[in-house]
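# Fold and contact review
Residue-level listing of the chains:
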Amino acid sequence: MERRNFLRSGFLGCAAAIGGLQLLRAGDGLEFEEAGSGMKITKIRYYGAPGYNKPLFNQARGIVEIETDGGIIGIGEGGSRDMIEQCAGMMIGQDPFRIEYIWQNIYRGMFYPPGREKLHALGALEMALWDLKGKALDVPVYDLMGGASRDSVECYATGFRASMATTPEQRAIDCIEAGLRCYRIGPTGGNGEEPFDFYGNADKTIESCKRMDNAVGGKGNWAIDLHTRFDPPETIKICSALEELQPYFVEDLIRSENPGAYRTMRTMTKVPIAVGEQFGDIWDINELVEQHLIDYSRVTVPNTGGLSQFKKIASMCETHYVGMIPHFTGPLATAALVHVLGSSSPSRCMMELGGGEPERPAYFNEDFIDFRKGKLYLNPNPGLGVKFDPKKADLIMEITEGSKFSHPVLKAPDGSIHNW
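Every chain begins its residue count from 1, and numbering advances along the sequence as written. With pLDDT at 70 or above as the cut-off, local features in this predicted model cover only qualifying residues; side-chain atom pairs require 80 or more to be listed or tallied, and sums for whole chains, interfaces and linings still use all residues. Heavy atoms from the whole structure form the basis of all side-chain values; hydrogens and water molecules are not counted.

## Details of the pattern of salt bridges
Filter applied, for reference: One speaks of a salt bridge when a side-chain nitrogen belonging to Lys or Arg is within 4 Å of a carboxyl oxygen belonging to Asp or Glu. The helix and strand labels rest on DSSP assignments: H or I over at least four residues marks a helix, E over at least two residues marks a strand, and numbering proceeds from the N terminus. Summary of the burial criterion: residues with accessible area below 20% of their type's maximum are buried, those above 50% are exposed, and those between are partly exposed, where the area comes from a 1.4 Å probe applied to protein chains only.
Under the criterion given, the structure shown has 22 salt bridges. Arg45 is the partner of Glu398 in a salt bridge, and the nearest nitrogen-oxygen pair spans 3.1 Å. Of this pair, Glu398 sits in strand β16 (residues 394–399) while Arg45 sits in strand β3 (residues 41–48), placing them 353 residues apart in sequence. Residue classification places Glu398 among the partly exposed residues on the basis of a relative accessible area of 41%. By relative accessible area, which is 11% here, Arg45 ends up buried. The salt bridge involving Glu366 is made with Arg360; its shortest N-O contact spans 3.7 Å.

## Things to note about the sheet that holds strand β4 (residues 63–68)
Sheet strands associate in pairs through backbone hydrogen bonding, adopting either a parallel or an antiparallel arrangement. The line we're drawing: Pairs of strands are assigned from DSSP output, requiring at least two bridges between the strands. Geometry is summarised by axes, namely lines fitted to C-alpha atoms with helices restricted to the contacting stretch, and by angles between N-to-C directions that run from 0 to 180 degrees. Note on definitions: a residue-residue contact is assigned when non-hydrogen atoms from the two residues lie within 4.5 Å.
Pairing in this open sheet of four strands is antiparallel, and the strands run β5-β4-β3-β16 from one edge to the other. In this open sheet, the two strands that pair with only one neighbour each are β5 (73–77) and β16. Shown here is a sheet whose adjacent strand axes are inclined to one another by a mean of 20°, direction ignored. Direction of pairing for β3 relative to β4: antiparallel, over a ladder of six bridges. In the sheet register, Lys43 faces β4, and the bridge partner there is Glu67. Packed on one face of the sheet, helix α4 (residues 116–137) meets β3, β4 and β5 and runs near 145° to β5.

## What about the packing of helix α2 (residues 81–89) against α4?
Counted only if it meets this: Under this scheme an angle from 65 to 115 degrees is roughly perpendicular, one under 35 degrees roughly parallel, and one over 145 degrees roughly antiparallel; angles in between are oblique. Note on convention: the crossing is left-handed when the near helix lies turned anticlockwise from the far helix by less than a right angle, right-handed when the turn is clockwise.
One can describe the packing of α2 onto α4 by two numbers: an axis separation of 9 Å at closest approach and a directional angle of 60°. Relative to α4, the element α2 lies oblique. In the crossing of α2 with α4, the sense of the turn from one axis to the other is right-handed. Side by side, α2 and α4 meet where Met83, Ile84, Gln86, Cys87 and Ala88 of the first sit next to Glu117, Lys118, Ala121, Leu122, Ala124 and Leu125 of the second.

Below is the structure:
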C-alpha cells in the first residue's frame, strides 16, 4: 500500500507539473477524463551537427528538438532536412505522448509506405518524443519501456583508437584487454583506386581471419563484416573456411537488396550470420528472423523508425532466439539504444562502438552516456539523459505550422489509424 501511494502521488505530481491528464477520483481508484498529456507540439527545430558533413541520408547526424506548449523539449538524432520537414509538419498540434499514434499517422498517412530515408527521419523524431515523455514524467526511457532487464550492454569495437599498435591483431588484443567483448575487422581490398579482385581478396581475407583468430584465441573475440563486397561463390568460400574458426559473427555476406537470398546462404554455411545494418522497418527483416535465416539482427535506430519499432523487433528476435547487435549511427542514437536494449530480453545483445569508445560531441552533456570498462550502462536520468546546447550546433530550420497539404486520415472505429 505504501508503494502504491508513492507511485500514485508521484504520477499525480508529474501530471500536475505538465498541466496534463485531467484526473477524477472515484473511490480508491482514478478515472481518466481523457487520454493524453494535455500538451501539444508547437515547434520542431532541426540542427546540423558541427563537423559531420557526410551526405548519408541513412546515417545522418542532424539533431531535432520537439517543443510543447508546456515548455518541455525532447531531443532526437538523425534525418535529412527534407524528410524531417515533411514528417514534422504532420506533428504540429499533436499530443506528444501519443507516440505510436503519431508514428502510424506519419508512416501511413501519405498512403505510400516511406522509403528508408524518410524512415530514418521519422525515427529521429520518434526518439525525441520518447525523450520528451521521459522528461515530462521524470523517469528514464528504459523505465517507460518495461524497466531495466540488464545492468549493462556489452560492446564491440570497429577499430580501436586507444591502441598504439601497428597491426590489427595487436589492436584486437588491446581492445579485448580493455574490456570490450569483440573486435570487428573487414575484408581485404577495396576503399581505393585499385579494382577489387574477388578471387585474390577472398583468399587474403581468409588468411587475415586466421591470423586474427589465432591472435585473440578465438572464443568469439573477433568478428568480420564482409560489407556485401563479395558475390556468392567467394562468400561461400570465405564462410566455409571460417567455420573451423571462432568468429562471433560474419556480417553482410551478400548484397542486401534481396533478403530472400539468405535462404540459400543459410543452407551453405554454418557461420553465425549477422544482417540488418542497411535495413529499415520491421518488415525489412521479419522473414529473416522468423525463418531462422540469421543469427543476429543488425537493425538500429533511428533507421528502424524509432525506439518503439526497434522494441518490436527485439521482441521478435527474442521469440526466435536471434541476438541483437545494432549498427552504430550516431552518439545520441547510441545512448537511445542502451535504453531499448537495456529494457529488452534477447539473450545476446551487443553494441558497436566506432573506434572502441563512444563519441562525446560538445553539444551534449558529458554524462549523457555511461561507458565503463568496455560496457555501456543504463542512464537513470529522465528521458534519454541528454542535455543539448543549441548554441554549439547550427540551426537549419524551425517548424511551427502544420503541413499545408491536406493529408487524408482514415481511422478505424476504435480511433486507430487506418490505411486510406
